[in-house]
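Chain by chain, the residues:
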Amino acid sequence: MKKINLSLLTLLTAGSLTFAQTEKPNIVVIYVDDLGYGDLSCYGATQVQTPNIDKLAEGGVVFTDGHCSAATCTPSRFSLLTGSFAFRKNAAILPGDAPMLITPDMPTLPGMLKQHGYTTSVIGKWHLGLGDGNVDWNGKITPGPLEIGFDYSYLIPATGDRVPCVLVENHHVVGLDPEDPIEVSYKKKVGTDPTGYEDYDILRYGADHEHAKTIVNGVSRIGYMSGGNAARWRDETVPHQMLQKARVFMDENKDHPFFMYFAFHDIHVPRLPDHRFEGATKMGPRGDAIVQMDWITGQLMKHLEKLNIAENTLIIFSSDNGPVLDDGYADHAVERIGKHKPGGPYRGGKYSAYEAGTRVPTITYWPAVIKPGKSDALVNHIDLYGSIAALVGHDLKDNEAPDSQDYLKTFLGQSSEGREIMLEESFTYSLRMGNYKYIHPSQSKAKRWINSIKGIESGIVEFPELYDLSKDKGEKRNIATENKKLVKQMQAELNHILEGEKSR
Ligand code: NG6
Ligand code: CA
């Protein structure tokens, strides 16, 4: 009886409640891979419809100036989980056999939530390294997520285009036959499997040189692997296996607070949506993968509703970096794009120092607390750690989340206050100060190699760039020479962040 009264009270006063008055919510981070600002119908797309995410948008807060912390995956995810800028660890895109970037001594978002009674899980793309330098794919894979605060993990170890193409559940490869051990190398060919450069006639997609190594499921990958045949994934099935694991995790934890980091592989390459979604758009596999991702998001929502826990679940929906069309495979993303603008009105995309590198769809949804609306506040995923800490009543320790600030009220749509100064990491650094955007020049050839990749507009040039986004959303007119004082001021702010031990 008591329980019924309580939930009735919640229902009657929903909207006027503040977060402090509710029970600890479940927290679900839905993190899409390479989804751009303009890739959802609730952010203006017309060539692809995303009705399930649109529902989140209608009932939640839609951010127009929401950012991941970096323009590529590993640095972004590192910052999301640690509240620390990636430059502190020199974090860059990792190969599939890299050691753990987040070491067990580092405070993490799931570890902090565990201290406050949460059961925690990560399901999907990891790409933060595994093991301590000599990972044993045939034995116990450790350290991994379980050593840094997750109670359960079900992983694509790196990316879909990198070996090993197997799933790892907690400490072990799923479905591995010990008689057929896995060997992985990023240096030399191992085993006798066909490769993209030798056996291209059997490929489902043409691939660039980097992606022309071991063929798994008809697709050549970055890196070589042999063995593990029974454990090799089928790309089309992986998202559905992830969904199933998420359902089980929610079932098992429905009666107490949980944190689930659901890390999509869609819409990263290789794009191989399940046949149900083939032709869902006219844009080919990239568009169809967006529809698949939307459908799975809807299934996650339905499951929360079925378990009667949707009302008190905070969902944070976003992406790890901006969009890219050609990312190594000839999957017709460029040819079939039509009028679709993956980065919306913004310039650049994945890898880029321009806005579309980090400005990504960002939606928060929590029926018991959040009133629907739109927010133009400047927010960044780096601040989720500090904001979620505030939500569960956790005081950050000195060594914890060095760059993460508390913007909980903003994330919940209760304040319009955003960051005044914000770092964006890419192959260089950008800094936002209000509507001004400064891009730090780079003389380094190593950094500028990215400019040589077809279709990538990295934003890396040898002279400073300054844009006024209030007048020039598309970063077309560099006003650095007319505004030397402002450039100096922004450079000083940037140096202050880069040189300090923490920025909060
Ligand atoms: C790049 C790959 C790209 C993609 C990216 C990681 C080449 C030429 N390109 O190095 O295909 O895998 O790494 O993407 O190898 S991310 O979203 O995980 O950062
Ligand atoms: Ca990514």
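Being a predicted model, the structure only gives us computed values, none of them experimental. By convention here, each chain's residues receive numbers from 1 onward along its written sequence. Chains and ligands are labelled sequentially in the order written, the chains with letters from A and the ligands with numbers from 1. For this predicted model, a pLDDT threshold of at least 70 governs which residues receive local features, and a threshold of 80 or more governs which side-chain atom pairs are given and counted, while totals over whole chains, interfaces and linings are taken from all residues. The basis for every side-chain value is the complete set of non-hydrogen atoms in the structure, without hydrogens or water.

**Structural notes on the nonpolar core**
Move 1: The term nonpolar core refers to a set of buried residues drawn from Ala, Val, Leu, Ile, Met, Phe, Trp, Tyr and Cys, joined through side-chain atoms within 4.5 Å. The buried label goes to any residue with under 20% of its type's maximum accessible area, the exposed label to any with over 50%, and the partly exposed label to all in between, with areas taken from a 1.4 Å probe on protein chains only. Judged by nonpolar contacts, the single largest core of 114 residues is most densely connected at Trp 126, Tyr 261 and Phe 317.
Move 2: Runs of H or I in DSSP of at least four residues are treated as helices and runs of E of at least two as strands, each being numbered from the N terminus. Sorting elements by how many residues they give to this core places helix α6 (residues 285-306) first, with eight residues.
Move 3: We call two residues contacting when some pair of their heavy atoms lies within 4.5 Å. Residues within four places of Tyr 261 in sequence aside, it is in contact with Val 29, Tyr 31, Arg 77, Leu 80, Leu 81, Ser 121, Val 122, Ile 123, Lys 125 and Phe 150.
Move 4: In terms of nonpolar packing, the next biggest core, distinct from the first, is built from 16 residues, Phe 85, Ile 382, Met 433 and Ile 479 among them.

**Points about the domain arrangement of the protein**
Move 1: Once the domains are mapped, the protein shows domain 1 (184-226) and domain 2 (421-499).
Move 2: Where each domain begins and ends is defined by an automated method or by a domain database. The C-alpha centroid of domain 2 is placed 37 Å from the C-alpha centroid of domain 1.

**Thoughts on the site of ligand 1**
Move 1: For each residue, the test is whether any non-hydrogen atom lies within 4 Å of the molecule or strand; if one does, the residue is near. Residues in close proximity to ligand 1 total 19 residues, the closest being Lys 125, Asp 161, Arg 162, Asp 327 and Lys 350.
Move 2: Pairs of N or O atoms within 3.5 Å make up the polar contacts considered here, provided that, within protein, one atom can donate a hydrogen while the other can accept it, and that residues adjacent in sequence are counted only when both atoms are side-chain atoms. Interatomic distance of 3.2 Å between a side-chain N/O atom of Asp 34 and an oxygen atom of ligand 1.
Move 3: In this structure, Lys 350 approaches ligand 1 through a side-chain N or O atom, which is 2.8 Å from an oxygen atom.
Move 4: Each accessible area is a Shrake-Rupley result for a 1.4 Å probe, and residues are judged covered by the shown protein chains and nothing else. Within the complex, 90% of the 460 Å² of free accessible area of ligand 1 lies under protein.
Move 5: According to the grid-proximity analysis, the pocket containing ligand 1 is the second largest pocket.
Move 6: Polar here means any residue outside two lists: the nonpolar Ala, Val, Leu, Ile, Met, Phe, Trp, Tyr, Cys and Pro, and the charged Asp, Glu, Lys and Arg; Gly therefore counts as polar. Class assignment for the residues of the shell around ligand 1 results in four nonpolar, six polar and nine charged. Cavities and pockets are found on a 1 Å grid laid over the protein atoms alone: a cavity is a set of points where a 1.4 Å probe fits but cannot escape, a pocket is an open set with protein on both sides within 12 Å along at least five of seven lines, and a lining residue has an atom within 4 Å of such a point. Those molecules having more than half of their atoms within 2 Å of a cavity or pocket grid point set are described as sitting in that cavity or pocket.

**Some remarks on the sheet that holds strand β19 (residues 436-439)**
Move 1: Two strands form a pair only when DSSP identifies at least two bridges running between them. Pairing is antiparallel in the open sheet, where four strands are placed in the order β17-β18-β19-β20. Bordering the open sheet on either side are β17 (421-425) and β20 (465-468), each of which pairs with just one other strand. Across the sheet, the axes of successive neighbouring strands diverge by a mean angle of 20°, strand direction being ignored.
Move 2: Pairing geometry for β19 and β20, over four bridges, is antiparallel. Note that in β20 the partner of Ile 439 across the bridge is Glu 465.
Move 3: Across the sheet, helix α10 (residues 484-499) touches β17, β18 (429-433), β19 and β20, and the angle it forms with β18 is around 115°. Angles here are taken between N-to-C directions and fall from 0 to 180 degrees, while the axes themselves are lines fitted to C-alpha atoms, restricted in helices to the stretch in contact.

**Considering the pattern of salt bridges**
Move 1: By convention in these notes, a salt bridge is any Lys or Arg side-chain nitrogen within 4 Å of a carboxyl oxygen on Asp or Glu. In the structure shown here, the tally under the stated rule is 29 salt bridges.
Move 2: In this structure, Glu 236 and Arg 204 form a salt bridge, with 2.6 Å as the shortest nitrogen-oxygen distance. With Glu 236 in the loop between β11 (224-226) and α5 (238-253) and Arg 204 in the loop between β8 (183-185) and β9 (215-216), this pair connects stretches of sequence that are 32 residues apart.
Move 3: The partner of Lys 437 in a salt bridge is Glu 475, with the nearest N and O atoms 3.1 Å apart.

**Considerations on the layout of surface pockets**
Move 1: Grid points are joined across faces, edges and corners, and a volume is the space filled by probe spheres set on the points. Computed from the structure, the second largest pocket encloses a volume of approximately 560 Å³.
Move 2: What lines the second largest pocket is a set of 30 residues, among which His 211, Ile 222, Asp 327, Tyr 351 and Ile 453 lie closest to the centre.
Move 3: Per-class residue counts for the lining of the second largest pocket are twelve nonpolar, eight polar and ten charged.

**Focus on the coordination of the calcium ion (ligand 2)**
Move 1: Metal coordination here is assigned from N, O and S atoms located within 2.8 Å of the ion, or within 3.2 Å for Na, K and Ca; omission of water means that sites may look incomplete. On the protein side, the calcium ion (ligand 2) has Asp 33 (OD), Asp 34 (OD), Asp 320 (OD), Asp 320 (OD) and Asn 321 (OD1) as donor atoms, found 2.2 to 2.7 Å from it.
Move 2: Here the donor residues for the calcium ion (ligand 2) map to a single chain with the spacing D-D-x285-D-N. Highlighted residues: Asp 33 in the loop between β1 (26-32) and α2 (51-59) and Asn 321 in the loop between β13 (313-319) and β14 (362-365), separated in sequence by 288 residues. Each member of the pair, Asp 33 as well as Asn 321, carries the same accessibility label: buried.

**Topic: empty space enclosed by the protein**
Move 1: Taken as a whole and judged by the stated rule, the model has three cavities of 30 Å³ or more.
Move 2: Quantified by volume, the largest cavity comes out at close to 150 Å³.
Move 3: As for the largest cavity, its lining consists of 15 residues, and the residues nearest its centre are Asp 235, Val 238, Pro 239, His 265 and Pro 270.
Move 4: Of the residues belonging to the lining of the largest cavity, the class tally is eight nonpolar, four polar and three charged.
Move 5: Each pocket or cavity is described by its volume, and for the second largest cavity that value is around 50 Å³.
Move 6: Considering the residues around the second largest cavity, the lining is formed by Leu 314, Ile 316, Thr 364, Leu 384, Ser 387, Ile 388, Leu 408, Phe 411 and Leu 412.
Move 7: Those elements that place two or more of their residues in the lining of the second largest cavity are β13, α7 (384-392) and α8 (408-411).

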